2 protein chains.
Amino acid sequence: SMNPDLASERQTASFSVEKLTAWLDGGAEHTRIRRAVVEAIESDPVFSRENQYFQTQNERYEAAVRKAVHLQKKMHEMGWTEDGPEFKYIYRALSGDIAFLLHRVFMRSISVLGSDKQIAKWIPLATQYQLIGSYAQTELGHGTYLQGLETTAVFDTTTQEFILNTPKISAMKWWPGDMGRSATHTVVFAQLYVHGKCYGVHPFIVQIRSLQDHSLCPGIIAGDIGPKMNFEHIDNGYLMLQNVRIPRENMLNKFCEVQPDGTYVSQGSQKINYFTMTTVRISLISDEVIIPLMKACTIAIRYSVVRRQSKLKPGEEEAKILDYQTQQEKLLPPLAAAYAFHFINNYLQELFNRGYGEIQRKNFDTLPELHAFSSGFKALVTQYCTSAVDICLRACGGHGYSLLSGLPSLYTKIVASCIYEGENTILLLQTARFLIKCFTAARAGQPVPPSVTYLAAVKPEKCPAKNKLDFLCPETYTKAYQHMAVRLVSSTAAKLQDLIQSGVKKHDVWNQCTVQLVQAAKAHCHYITVKNFVETVEKLETKAGIQKIMKHLCDLFALHGIFSNAGLFLHDGYLSGAQMDMVTASYLDLLAVVRKDAVPLVDAFDFTDKSLNSALGSYDGQVYQRLYEWAQKSPTNKQMSPAYERYLKPLLHNTLSKL
Amino acid sequence: SMNPDLASERQTASFSVEKLTAWLDGGAEHTRIRRAVVEAIESDPVFSRENQYFQTQNERYEAAVRKAVHLQKKMHEMGWTEDGPEFKYIYRALSGDIAFLLHRVFMRSISVLGSDKQIAKWIPLATQYQLIGSYAQTELGHGTYLQGLETTAVFDTTTQEFILNTPKISAMKWWPGDMGRSATHTVVFAQLYVHGKCYGVHPFIVQIRSLQDHSLCPGIIAGDIGPKMNFEHIDNGYLMLQNVRIPRENMLNKFCEVQPDGTYVSQGSQKINYFTMTTVRISLISDEVIIPLMKACTIAIRYSVVRRQSKLKPGEEEAKILDYQTQQEKLLPPLAAAYAFHFINNYLQELFNRGYGEIQRKNFDTLPELHAFSSGFKALVTQYCTSAVDICLRACGGHGYSLLSGLPSLYTKIVASCIYEGENTILLLQTARFLIKCFTAARAGQPVPPSVTYLAAVKPEKCPAKNKLDFLCPETYTKAYQHMAVRLVSSTAAKLQDLIQSGVKKHDVWNQCTVQLVQAAKAHCHYITVKNFVETVEKLETKAGIQKIMKHLCDLFALHGIFSNAGLFLHDGYLSGAQMDMVTASYLDLLAVVRKDAVPLVDAFDFTDKSLNSALGSYDGQVYQRLYEWAQKSPTNKQMSPAYERYLKPLLHNTLSKL
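Predicted model, so just to flag it, every value in this text is computed and none were measured. (Residues numbered from 1 in each chain as written. Chains lettered and ligands numbered in written order. Predicted model: local features only at pLDDT ≥ 70, side-chain atom pairs only at ≥ 80, totals over all residues. Heavy atoms only, no water.)

(A) Just the overall build of chain A, in detail. Within chain A one finds 23 helices and 11 strands. Compactness check: chain A gives a C-alpha radius of gyration of 28 Å against a globular reference of 26 Å for 659 residues, within 12% of the reference. Principal axes of the C-alpha set define a box for chain A whose edges measure 90 × 90 × 55 Å. Carbon and sulfur atoms make up 54% of the accessible area of chain A, which amounts to about 25100 Å² in all. (Helix = DSSP H or I, 4+ residues; strand = E, 2+ residues; numbered from the N terminus. Rg over C-alpha atoms; globule rule 2.2 N^0.38 Å. Areas by Shrake-Rupley, 256 points an atom, 1.4 Å probe, with all protein chains shown as cover.)

(B) Fine view of the interface of chain B and chain A. On the chain A side, the residues contacting the 137 residues of chain B number 137 residues. Summed over both partners, the interface of chain B with chain A comes to about 11200 Å²; 64% of that surface belongs to carbon and sulfur atoms. Of all residues in chain B, the largest losses of buried area upon contact with chain A belong to Arg394, Tyr401 and Tyr628 of chain B, amounting jointly to 7% of the total for that side. Taken together, the links from chain B to chain A amount to four salt bridges. Here arginine 646 of chain B ties to glutamate 62 of chain A by a salt bridge, and the two come within 3.3 Å at their closest N and O atoms. Summed over the shared surface of chain B and chain A, the number is 46 residue pairs in polar contact (both at pLDDT 80 or more). Among the elements that make up the side of chain B that touches chain A, the one with the highest residue count is helix H23 (residues 642-652) of chain B (eight residues). (Contact = heavy atoms within 4.5 Å. Buried area = accessible area lost by both parts, 1.4 Å probe. Salt bridge = Lys/Arg side-chain N within 4 Å of Asp/Glu carboxyl O. Polar contact = N/O pair within 3.5 Å; in protein donor to acceptor, adjacent residues only side chain to side chain.)

(C) Fine view of the packing of aromatic side chains. Residue and element names in this part refer to chain B. For the structure shown, the criterion picks out 47 aromatic pairs over all chains. On the basis of an interplanar angle of 80° and a centroid distance of 5.2 Å, the ring pair of tyrosine 481 and phenylalanine 569 is categorised as edge-to-face. Here the residue tyrosine 481 occupies a position in helix H14 (residues 474-501), and phenylalanine 569 occupies one in helix H18 (residues 566-570), the gap between them amounting to 88 residues. Note on phenylalanine 569: relative accessible area 2%, which makes it buried. For arginine 433, the ring lying beneath its charged end belongs to tryptophan 510, and the centroid distance is 4.1 Å. (Phe/Tyr/Trp six-rings, centres within 6.5 Å; stacked < 30°, edge-to-face > 60°. Buried < 20%, exposed > 50% of the residue type's maximum accessible area, 1.4 Å probe, protein only. Lys NZ or Arg CZ within 6 Å of the ring centre and 35° of its normal.)

(D) Geometry of empty space enclosed by the protein. Applying the stated criterion to the full structure yields two cavities of 30 Å³ or more. Put simply, the largest cavity is a space of about 70 Å³. Forming the boundary of the largest cavity are Arg34, Val38, Glu42, Arg92, Ala93, Ile291, Lys295, Asp606, Phe607, Thr608 and Ser611 of chain A. Looking at the lining of the largest cavity, the elements that each hand over two or more residues are helix H3 (28-42), helix H5 (87-93) and helix H8 (271-306) of chain A. The element contributing the most residues to the lining of the largest cavity is H3 of chain A, with three residues. Taken together, the residues of the lining of the largest cavity break down into four nonpolar, two polar and five charged. If you add up the space inside the second largest cavity, you get close to 40 Å³. Elements that contribute at least two residues to the lining of the second largest cavity include exactly helix H10 (367-395), helix H13 (424-443) and helix H16 (514-539) of chain B. Its residues assigned to classes, the lining of the second largest cavity shows six nonpolar, two polar and no charged. (1 Å grid on protein atoms, 1.4 Å probe; cavity = no way out; pocket = protein on both sides within 12 Å on 5 of 7 lines; lining within 4 Å. Points joined across faces, edges and corners; volume = space filled by probe spheres on them. Nonpolar A, V, L, I, M, F, W, Y, C, P; charged D, E, K, R; others polar.)

(E) Quick peek at the nonpolar core. Ranked by internal contacts, the top residues of the largest apolar core, which has 326 residues, are Tyr339 and Met550 of chain A together with Tyr339 and Met550 of chain B. Non-local contacts of methionine 550 of chain B, meaning those with residues more than four positions away in its chain, are made with Leu20, Trp23, Tyr339, Phe343, Phe533, Val537, Leu540 and Leu601 of chain B. (Core = buried A, V, L, I, M, F, W, Y, C linked by side-chain atoms within 4.5 Å.)

(F) Local environment of the sheet that holds strand E7 (residues 220-224) of chain B. Spatial strand order, E4-E8-E7 (chain B): three strands in an open sheet with antiparallel pairing. Two strands lie at the open edges of the sheet, namely strand E4 (173-174) and E7 of chain B, each paired on one side alone. Pairing of E4 of chain B with strand E8 (residues 237-241) of chain B involves two bridges; the strand directions are antiparallel. When the sheet's bridge partners are listed, lysine 173 of chain B is paired in E8 of chain B with leucine 239 of chain B. Running at roughly 115° to E8 of chain B, helix H22 (residues 623-632) of chain A makes contact with E4, E7 and E8 of chain B of the sheet. (Pairing = 2+ DSSP bridges. Axes fitted to C-alpha atoms, helices over the stretch in contact; angles between N-to-C directions.)

(G) Representation of the side chain of aspartate 597 of chain A within the structure. All names here are of chain A. When you line up the elements, aspartate 597 lands in the loop between helix H19 (577-596) and helix H20 (598-603). The side chain of aspartate 597 sits in the buried core without any salt bridge; lysine 548 is the nearest counter-charge, 8.0 Å away. At 2.6 Å, the side chain of aspartate 597 and the side chain of serine 14 are in polar contact. Beyond its immediate chain neighbours, meaning those up to four positions away, aspartate 597 contacts Thr12, Ala13, Ser14, Phe15 and Ile549. (Lys, Arg positive; Asp, Glu negative; His and termini not counted.)

(H) Spotlight on the UniProt feature "domain: Acyl-CoA oxidase C-alpha1" (unreviewed entry) in chain A. Sites flagged by UniProt as "domain: Acyl-CoA oxidase C-alpha1" (unreviewed entry) map to residues 274-436 of chain A. In residues 274-436 of chain A, the share of helix is 76% and the share of strand is 0%. The end C-alpha atoms are 21 Å apart. (UniProt positions renumbered as here; feature names shortened; annotations may be inferred.)

(I) How the structure looks around the sheet that holds strand E8 (residues 237-241) of chain A. One open sheet holds the three strands; their spatial order is E4-E8-E7 (chain A), and the pairing between them is antiparallel. The open sheet terminates on both sides in strands that have one partner only, identified here as strand E4 (173-174) and strand E7 (220-224) of chain A. Where helix H22 (residues 623-632) of chain B meets the sheet, it contacts E4, E7 and E8 of chain A, and its direction lies at approximately 115° from that of E8 of chain A.

(J) A look at the relation of the copies chain B and chain A. The operation relating chain B to chain A is a screw motion whose rotation component is 180°, with 0.0 Å of axial translation and a residual RMSD of 0.0 Å. Such a combination of turn and shift is consistent with a two-fold rotation axis. Every residue of chain B has its C-alpha some distance from the rotation axis, and the shortest such distance is that of glycine 567 of chain B, at 1.7 Å. Interface overlap between copies: 100% of the residues of chain B at the interface are likewise at the interface in chain A, consistent with a symmetric, same-surface contact. (Least-squares fit on C-alpha atoms with pLDDT ≥ 70 in both.)

(K) Summary view of helix H4 (residues 57-78) of chain B. Residue and element names in this part refer to chain B. Taking 1.5 Å per residue, 22 residues should reach 32 Å; H4 reaches 30 Å between its end C-alpha atoms and fits that length. The largest bend in H4 amounts to roughly 25° and is located at leucine 71. Just downstream of H4, glycine 79 is the residue with a positive phi angle, here 75°. (Expected span 1.5 Å × (residues − 1). Bend = angle between axes of the 7 residues up to and from the residue.)

(L) Up close: the packing of helix H9 (residues 325-360) of chain B against H16 of chain B. All names here are of chain B. Interaxial distance between H9 and H16 falls to 9 Å at its minimum, and their mutual angle equals 85°. If you check the angle between H9 and H16, you find them roughly perpendicular. Across from Ala336, Tyr339, Ala340, Phe341, Phe343, Ile344 and Tyr347 in H9, the residues of H16 making contact are Ile528, Thr529, Asn532, Phe533 and Thr536. Partitioned by chemical class, the residues of the contact of H9 with H16 number nine nonpolar, three polar and no charged. (Parallel < 35°, antiparallel > 145°, perpendicular 65-115°, else oblique.)

(M) Focus on the pairing of strand E9 (residues 244-247) of chain A. Residues and elements named next belong to chain A. With burial as the criterion, only one face of E9 is covered, namely that bearing Val244 and Ile246; the residues Arg245 and Pro247 on the opposite face remain uncovered. Strand direction decides the pairing type here: strand E3 (residues 161-165) and E9, joined by four bridges, are antiparallel. Looking at E9, one finds that phenylalanine 162 is bridged to isoleucine 246.

(N) Up close: the domain arrangement of chain A. Along its sequence, chain A is organised into domain 1 (132-267) and domain 2 (425-605). Computed over C-alpha atoms only, the centres of domain 1 of chain A and domain 2 of chain A are separated by 44 Å. (Domains from an automatic or database assignment.)

(O) The environment of alanine 22 of chain A, seen in detail. All names here are of chain A. Along the chain, the position of alanine 22 falls in helix H2 (residues 17-25). For the pair alanine 22 and phenylalanine 471, spaced 449 residues apart in sequence, the C-alpha separation works out to 30 Å. Once you skip the residues sitting within four places of it in the chain, alanine 22 turns out to touch Gly27, Ala28 and Thr31.

(P) Looking closely at helix H14 (residues 474-501) of chain A. In this model, H14 of chain A (28 residues) spans 40 Å end to end at C-alpha, consistent with the 40 Å of a helix rising 1.5 Å per residue. Remark: glycine 503 of chain A follows H14 of chain A within two positions and exhibits a positive phi of approximately 95°.

(Q) Region of the structure containing unusual backbone geometry. Notably, glutamine 160 of chain A is not glycine yet its phi reads approximately 60°, a positive angle. Tracing the backbone through its elements, the reader meets glutamine 160 of chain A in the loop between strand E2 (152-156) and E3. Of the residues examined, glutamine 160 of chain A reaches a relative accessible area of 25% and is grouped as partly exposed. Of note in this structure, histidine 195 of chain B is not a glycine but carries a positive phi near 50°. Structurally, histidine 195 of chain B is set in the loop between strand E5 (185-194) and strand E6 (197-207).

(R) Expanded view of the environment of leucine 428 of chain B. Residue and element names in this part refer to chain B. Structurally, leucine 428 can be placed in helix H13. Residues leucine 428 and glycine 567, spaced 139 residues apart in sequence, show a C-alpha to C-alpha distance of 20 Å. Once you skip the residues sitting within four places of it in the chain, leucine 428 turns out to touch Gly376, Ala379, Val518, Ala521 and Lys522.

What follows is the structure, encoded as structure tokens:
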């Protein structure tokens, strides 16, 4: 039976939830396929996540391997293929709770960096899981800066082998997934030495565990790096190499080769590699970042209409907490952001599909822009969504803090996205470098990519808005964002210029501007996100009910951004204090408007109860019953604690006589 | 041996670390006592936290009970008493990793709410742990709003008993510590009914487990609420009561009593209770919030001078990451905040000691101010420190994400402080209510408490600063904070007034202003924190070296606050955009200045390696060696995984022939 406080929220929806879902999926046919995949996965007990919050790291790993192996069978049984329309929904349906993701990266590395001969040898084995691969790049002492890797691979002409070594502890490979316990092989990145000369970092296929009994190969020291904030199901590992010899053929040699006599030959263009990196950053945004935020919003918003606390009006029953302005202020901007980022993700996908087409025609001109976009949006979206999930967690009070709410694990997992695949600050600085370059070019009248042509024009304007309703006009706020982005890029460019002219050395100049460069890069991405949301809503003309609520969300996203970054808009007087008060008024009005459709807006994300795995967020809103049922299953309730016999009994046993 | 990159940081300290430590402790004698306590605790293997990151919830609970029982022996052995100077250092030395904290609350409730007779009966038993107490207030469906509690206690005149019941699932007690597995007794808060009339919430002592064999008493359903984001060592519990009968004498009756015939008698003043609540909020600030932030800063800053990444100058070795401006921007404001909050904590302690004196003289006039302070600062400090710990964690990249860094558990624990002992938003609104009241009174020429007299004066001023150095003058920035706080309080008061005059109902008016009221309350507390930092530094006149670096930290804390809340200062033109650029310039300059003393500044917090329990933060900076050693101890490395035999072997076993 559905909690009546939740049911009443659904009766007043201003739009068709089913139609919104279909639109978000890209059409009703996609919705159908997605649901079929989810149904097939969730009805299979092997994929159950039911007891996940009670499991140890060992148990989680065990389950993830079981699921990965079972998935192969399942795909065969269902007729799903890696090229089929179902494939992209499988990972979502599993909530990423599966092993051998790095095995896929192992395969991709070989496909991209290996010769045809190497591909022919290794890919069939990997495809059938007749070996388990991993990808060993990061070291204990080295992450982002690839040139700094310390692992060595020395070519021995006499035996035609590479000898791999971990020369010091900071050179130990650290973090690779699937490597701590599962992998039999890995791609090791190491400094290549031939005849004493270093040729830089290259990839080598190294076997690390016996195919006979899974024991470590000679010269290999490897294991699990231990407990982490999340990802208990992944065996992130360490690896030391002590004079490990591999045949010359194991260096991935599509682009560079060491010939039998030690001659180093480089061939072809590696530019496509950079494209692969940018693709990875874009592909994680949806599954690892936006979907978790959508889940967190679903949980927190459903809970907030079921939870009643204090009285809003004297004499009435306690109020739903979502009726408090402060609770709306916590949860509705994250909801609007989830939509905003879903749309920017569509935009990025399109951009990359176009870019991929160009690159296949050997035109690499779009690469810098694609790189800047993938870096900046990866950073912006991961950071924003991580904060938003945190807000959702805290907005649920004590119950949000229970693992059974699902929110702690969403948070501890999403926070990693700020670090992996490029640390956010470093990525934003790469975007900033691109922006500064484009700004300089644009000001010099040179052509720049379409997304940054706006940097060419700086007019010392003021916002023309005269009342709070003017700020519900998309052109008004989009222009404000644009103005702000241009101001930050141009003022930072000016600071760079000033410092150089005052004689500061070039590398110091850059470092002294990095705080502001990061601000500028964020401002650019924020502007593009708002602009894209506006354009998405405009294109929706015919779907009246949906367009109206999307317009409200778009306004809310934009005005919340101005309200919470007021200084950036007030700084040069583009907005006046009085105008900021209008923004605030419209922003607070919008909270009350969007609140009415809050539950239908999260229902449209279409998560099943199993995929939320939350005692607070279920579709029927039976929160308290579920918390109680789940808690009883905890291992902490499975036995009389030995602590009683050991420590408490000796204290308590003669109290009776005194009471 | 000490990592040379860390050693070099210590050689250039601009002040005496030992003298700063003594000053922070409140004198060298306190430092001596603290170190003696830490030494005694850390040298005792029973208190070891060595394998904490590898333990299950059951193991953590077990250890916490063992430690709590052992602590009694230890205190006796060491001659430590609850009134002695050592006592306040014990909890810090244990890092809070101990059971029976709610047993202490149980005792305090009886002491404060119980009659002399009740105290004489229960306190001796509790003191000797001949029963284990808990405190059962919060329910599944009810937290902050005490009047909403649903548990009932009906007086039965025929048997002279109260009959306690959980009438529905939302009335189940939920969260009480020590109750899930340990407690034999608890103080239950329930709605008192006599002859069908409800007299509101009252406290009752209820036995829940047998003193003979620890089984649940008749009518009691209780257990552990399961896994949480942290606090694995605490058995937070649930409790259902089904016609549980307790004698009339078990209602705590210092203030209210039910006489044998059912007559309800209320006596004395309960005002002192409110004071107890405020005391709890203040007392948690130091141990649960500021010390964890100090630990996080110590870990992240030491790591940031040991970790090298990329090149700052071409041709040189890779740079310490703390030399990057963006890393300084992440870590140095939290460091300055740790000092700022340490000083505000001293200020609050003094305020409360004075207040306590007044209250003992039956003068309750200071209560509203104390309540507003304890609420506002509890919220401000917990929120700020939680964000700061999060920043420290992310600033350490992948290694910060490993539990072995110590940072994840600092974060997952401190985040709870935003929720418990009063949810932060609700607390800030209580502070805001006080501020609005004082503002109205002050404007009407009525007397107000000294801390808010500043609200009386509003002059439409502008900041007089003319260059970036002017912003290093404490008067300049303190006035800016003051102006900003007055503006937010007064503009929100005006909005409240306007809405009332426009005919909106009173309760709606308040709700529609809560987002801005929260802002105003934060602004007030932020202003007081800056002002108090400035005054603390001024009093330091004679200690030259220390005063100089404290002045830098004070400036940094203040200017970082302006830089990151620029909109609040620009809004009415108190600061111009040009002045904000000066603030930014001075702020960025300060980062480079404070960076030089960053390691000595965290060394002064004087944490032992055992208390940090971090592979990244040890005094000698041997980060990589320690990560490797600790990882090897993980249970994930203790056995060949059964996943191999079950799932991998069948896949891999015939690969050999193909390679």
